[in-house]
Amino acid sequence: MARPNEEVEALLNEYADLLSITGGDAFKARAYEKAARAIGGYPEDISRLDDKGLREIPNVGKSIADKVAEFLRTGHMKVLDERRTAIPAGVRELITIPTLGPKKAMQLHQELGIASVDALVKAIEGDELRGLKGFGPKTADNILHGVELMQQAGDRILLSAATDIAEETVAALREATGCDPEHCVYAGSLRRMRETIGDIDLLVAAEDPVPVMDAFIALPHTAEVIAHGEKKTSVRTVKGLQLDLRVLPPASFGAGLQYFTGSQAHNIRTREIAVRKGLKLSEYGLFHAKSGRRKAAATEEEVYAALGLPWIPPTLREDRGEVAAGLAGDLPRLVTEGDLRGDLHTHTDLTDGLSSLEDMVATAAARGYAYYAVTDHAPKLSMQRMTDEKILAQRERLRALAGRYKKLRLLHGTELNIGPDGEVDWPGEFLAGFDLCVASIHSHFTLDRAAQTRRLIRACENPYVAVIGHPTTRQIGRRPPIDADLDAVFAACARTGTALEVNSHPHRLDLNDELILRARHHGAVFAIDSDAHSTTHLAHTRYGVGTAQRGWLTPDEVINTWTWQRLKSFLARKRKSA
Ligand code: DGT
Ligand code: CA
Ligand code: CA
Ligand code: ZN
């Protein structure tokens, strides 16, 4: 719970906003804002003050003091409650958008019934503001830009965006004076490859931190220096992301890396082991508790070994049993990007992809794949205008290309649409012509749990469906997962020999780590696919692999690490049931 001062500050600010939205006296609104700031920053706890004490706070007159006293006594402020019933909370949310003032917010509410930031964005995208006085295309653009900025500043960011920034920053820091390039890395949730990242934690080993810290704050993306010290410096970038840089003595780099990689829950486990051994673990090293003598610190391997553990891959460090597995010598041999022999879900410009078939295949070949499936959208995704003729013509083109690639086996596939009853776009005779079919949900996201479960299980039972694409359809920060009995679906996948996709698109990462852990308990197998819509997207598999590692997957459980012979018999076995 917030301190009473902060609570009252928030309420008075809200009241000031509501006053200005309803077009009340601007002077009065400003007076409430000033009082709010004064109370928030007041050193004494206002709940201990009497009426006289309240009036002694700068900018707090009798009228405001009475309202504060009323709130402290009753938990309510009557005037605020009245305004709240008159104006939906979402209208107040509107004025937090940069460039959107209270007058415009009220106008949007009164004339179009808009009462949330989301509704406003939809209205702009649907061109519903056209003709509204004071809302030309430029204003609308500014609003959209403002919303984007707000979201970037306020939210966790996607793994892919954080990776790009971290890699650029690490590359720049490696150039700094006194920075040892081999001991300049990122740690935290990014090293653990969580799907979203709160802030980026960078670590450098250097005897003299000053030049490294100076180089860090001088980077062009820095908008604000939050803290600038010799041990830790934090900046906020122009996009609102926080970066923390810590400079460590070279001798304790391993201990620092272990500590700042986290997760916090994992660190609690490792510290428990240290305590049981009469040791003390910190970011500076592993020490004998009694003598204070340092036992290990230079490398992570050394620190884990001194705890009686093998080195634990960062993607496992979430306190999901990895420490116990390490102690027992049972850590999994995690799948890596190098294990992938192919990609089984990709698109071209025949549907919604941006690159040609030829370019996609050339890029796949350059990645060293042994096999590669082209799986453009099937007809029921009507926006894509797929037809039998078009997909058969594509098959001809693909077969013609095959001669050019001696080491790469080209597979002709499609991404089928799972209908509301589990039906797919084409009958079995037509599906038999494909080398491989992915089937995914692209519609009817809000069916009830029983219906979603049924349609997914029916899709698994289709002998031509090899992979269920992006099984939950969630999009991070945009769309929630469908509601289905996923354990029943996972069991059906295991029973029918259907792979579950780990879709590598950074907005999807679907299945996610937790669902992968659940699915593998049912004995299901997986396909880590890029779902690429352009040549550059083929590299997204790194995020799918990270997610798979967080789900403890081994190469044996991932069908696209298998040899073509093994994959071919996996596909054939299921088709036999047709
Ligand atoms: P994030 O930034 O929210 O995506 O998640 P993390 O895991 O990167 O968290 P962050 O940046 O607060 O801290 C980085 C790592 O440093 C964290 O995973 C573990 C370690 N750490 C930070 N503060 C503490 C603490 O108070 N206790 C322990 N045991 N570890 C901490
Ligand atoms: Ca972090
Ligand atoms: Ca941090
Ligand atoms: Zn799809």
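Fair warning: this is a prediction, and the values are worked out from it, not measured in the lab.

1. As for the pattern of salt bridges
One pass over the full model with this rule turns up 31 salt bridges. Where Asp-513 meets Arg-320, a salt bridge forms, and the shortest distance between an N and an O atom there is 3.2 Å. One end of the pair, Asp-513, is in helix 22 (residues 513-521); the other, Arg-320, is in the loop between helix 15 (300-306) and helix 16 (322-327), and 193 residues separate them in sequence. Residue Asp-483 is joined to Arg-449 by a salt bridge in which the shortest nitrogen-to-oxygen separation is 2.8 Å. Taken as a pair, Asp-483 in the loop between strand 15 (465-468) and helix 21 (486-496) and Arg-449 in helix 20 (residues 449-461) lie far apart in primary sequence, 34 residues in all. The partly exposed category is assigned to Arg-449, whose relative accessible area is 41%. Each of Arg-192, Glu-318, Arg-320, Asp-513, Glu-514 and Arg-550 takes part in salt bridges that share partners, so that together they form one network.

2. Points about the coordination of the zinc ion (ligand 4)
Ideal geometry at a metal centre gives angles of 109.5 degrees when four donors are arranged tetrahedrally and 90 or 180 degrees when six donors are arranged octahedrally. Glu-415 (OE), His-442 (NE2) and His-470 (NE2) make up the full set of protein donors to the zinc ion (ligand 4), lying at 2.1 to 2.3 Å. Mapping the donors of the zinc ion (ligand 4) onto the primary sequence yields the spacing E-x26-H-x27-H. Placement of the pair is Glu-415 in strand 13 (residues 409-417) and His-470 in the loop between strand 15 and helix 21, with a sequence separation of 55 residues.

3. Quick word on the UniProt feature "domain: Helix-hairpin-helix DNA-binding motif class" (unreviewed entry) in the chain
In the numbering adopted here, UniProt assigns the feature "domain: Helix-hairpin-helix DNA-binding motif class" (unreviewed entry) to residues 52-71, 92-111 and 127-146. End-to-end, the C-alpha atoms of residues 52-71 are 16 Å apart, and along that stretch the chain is 70% helix and 0% strand. A distance of 17 Å separates the end C-alpha atoms of residues 127-146, which is 50% helix and 0% strand.

4. Some remarks on the site of ligand 1
Taken together, 16 residues are adjacent to ligand 1, and Arg-156, Ser-189, Arg-192, Gly-198 and Asp-199 come closest. In the model, an oxygen atom of ligand 1 is placed 3.0 Å from a nitrogen or oxygen of the Arg-192 side chain. Residue Arg-271 places a side-chain N or O atom 3.3 Å away from a nitrogen atom belonging to ligand 1. Protein chains bury 72% of the 600 Å² of accessible surface belonging to ligand 1 in isolation. Mapped onto the shell around ligand 1, the elements with two or more residues apiece are helix 11 (188-191), helix 13 (253-261) and helix 14 (264-276). The residue makeup of the shell around ligand 1, split by class, is three nonpolar, eight polar and five charged. There are two domains that each give the shell around ligand 1 at least three residues, and those are domain 2 (157-248) and domain 3 (253-328).

5. A short note on the state of the cysteines
Counted by the stated rule, this structure contains zero disulfides. Cys-460 takes part in no disulfide bond, and the closest cysteine sulfur to it belongs to Cys-493, at a distance of 3.5 Å. Residue Cys-460 is classed as buried on the basis of its relative accessible area of 0%.

6. Brief notes about the sheet that holds strand 10 (residues 294-296)
If you walk across this open sheet you meet the three strands as 8-9-10, and the pairing is antiparallel. Each edge of the open sheet carries a strand with a single partner, namely strand 8 (279-282) and strand 10. This sheet shows a mean twist of 35 degrees between the axes of neighbouring strands, independent of strand direction. Sheet contacts for helix 14: strand 8 and strand 9 (285-288); angle to strand 8, the most-contacted strand, approximately 155 degrees.

7. Considerations on the coordination of the calcium ion (ligand 3)
Only Asp-199 (OD), Asp-199 (OD), Asp-201 (OD) and Asp-244 (OD) from the protein coordinate the calcium ion (ligand 3), and they sit 2.3 to 2.7 Å from it. Mapping the donors of the calcium ion (ligand 3) onto the primary sequence gives the spacing D-x1-D-x42-D. Here the calcium ion (ligand 3) and the calcium ion (ligand 2) are spaced 3.7 Å apart, and both take Asp-199 as a donor. Placement of Asp-201 in strand 4 (residues 200-205) and of Asp-244 in strand 7 (residues 242-248) is noted, with a sequence separation of 43 residues between them. The exposure classification of Asp-201 matches that of Asp-244, with both residues buried.

8. As for the domain arrangement of the chain
For the chain, the assigned domains are domain 1 (4-153), domain 2 (157-248), domain 3 (253-328) and domain 4 (337-575). Here domain 2 and domain 3 have C-alpha centroids that lie 23 Å from each other. Taken together, the two surfaces of domain 2 and domain 3 that pack against each other cover about 1,200 Å², and 68% of this comes from carbon and sulfur. Of all residues in domain 2, Arg-191, Arg-192 and Leu-248 bury the most surface against domain 3, accounting for 55% of the area lost on that side. As a salt-bridge pair, Glu-300 and Arg-191 come within 2.9 Å of each other at their nearest N and O atoms. Summed over the shared surface of domain 2 and domain 3, the number is five residue pairs in polar contact (both at pLDDT 80 or more).

9. Things to note about the pairing of strand 16 (residues 499-503)
Within strand 16, five of the five residues are buried, which leaves it mostly tucked inside the rest of the structure. Of the two faces of strand 16, the one lined by Ala-499, Glu-501 and Asn-503 and the one lined by Leu-500 and Val-502 are each fully buried. Pairing between strand 15 and strand 16: two bridges, direction parallel. Residue pairing for strand 16: Val-467 is matched across the bridge by Ala-499. Each parallel crossover has a hand, and the one from strand 15 via helix 21 to strand 16 is right-handed. Taken together, the four bridges between strand 16 and strand 17 (residues 526-529) define a ladder with parallel strand orientation. What sits directly across from Asn-503, in strand 17, is Asp-529. With respect to chirality, the unit in which strand 16 leads through helix 22 into the neighbouring parallel strand 17 is right-handed.

10. Observations concerning the sheet that holds strand 17
In space, the seven strands of this open sheet follow the order 11-12-13-14-15-16-17, with parallel pairing throughout. Lying at the two open borders of the sheet, with one neighbouring strand each, are strand 11 (342-343) and strand 17. Note that strand 13 and strand 14 (residues 436-440) share five bridges and pair parallel. Along strand 14, the bridge assignment pairs Leu-416 with Ala-439. Relative to strand 13, helix 18 (residues 388-402) is tilted by about 160 degrees, and along the sheet it contacts strand 12 (371-377) and strand 13.

Rules used in this analysis
- Residues numbered from 1 in each chain as written.
- Chains lettered and ligands numbered in written order.
- Predicted model: local features only at pLDDT ≥ 70, side-chain atom pairs only at ≥ 80, totals over all residues.
- Heavy atoms only, no water.
- Salt bridge = Lys/Arg side-chain N within 4 Å of Asp/Glu carboxyl O.
- Helix = DSSP H or I, 4+ residues; strand = E, 2+ residues; numbered from the N terminus.
- Buried < 20%, exposed > 50% of the residue type's maximum accessible area, 1.4 Å probe, protein only.
- Donors = N, O, S within 2.8 Å, 3.2 Å for Na, K, Ca; no water.
- UniProt positions renumbered as here; feature names shortened; annotations may be inferred.
- Near = heavy atom within 4 Å.
- Polar contact = N/O pair within 3.5 Å; in protein donor to acceptor, adjacent residues only side chain to side chain.
- Areas by Shrake-Rupley, 256 points an atom, 1.4 Å probe, with all protein chains shown as cover.
- Nonpolar A, V, L, I, M, F, W, Y, C, P; charged D, E, K, R; others polar.
- Domains from an automatic or database assignment.
- Disulfide = S-S within 2.5 Å.
- Pairing = 2+ DSSP bridges.
- Axes fitted to C-alpha atoms, helices over the stretch in contact; angles between N-to-C directions.
- Contact = heavy atoms within 4.5 Å.
- Buried area = accessible area lost by both parts, 1.4 Å probe.
- Right-handed = clockwise from strand over helix to strand, strands pointing away.

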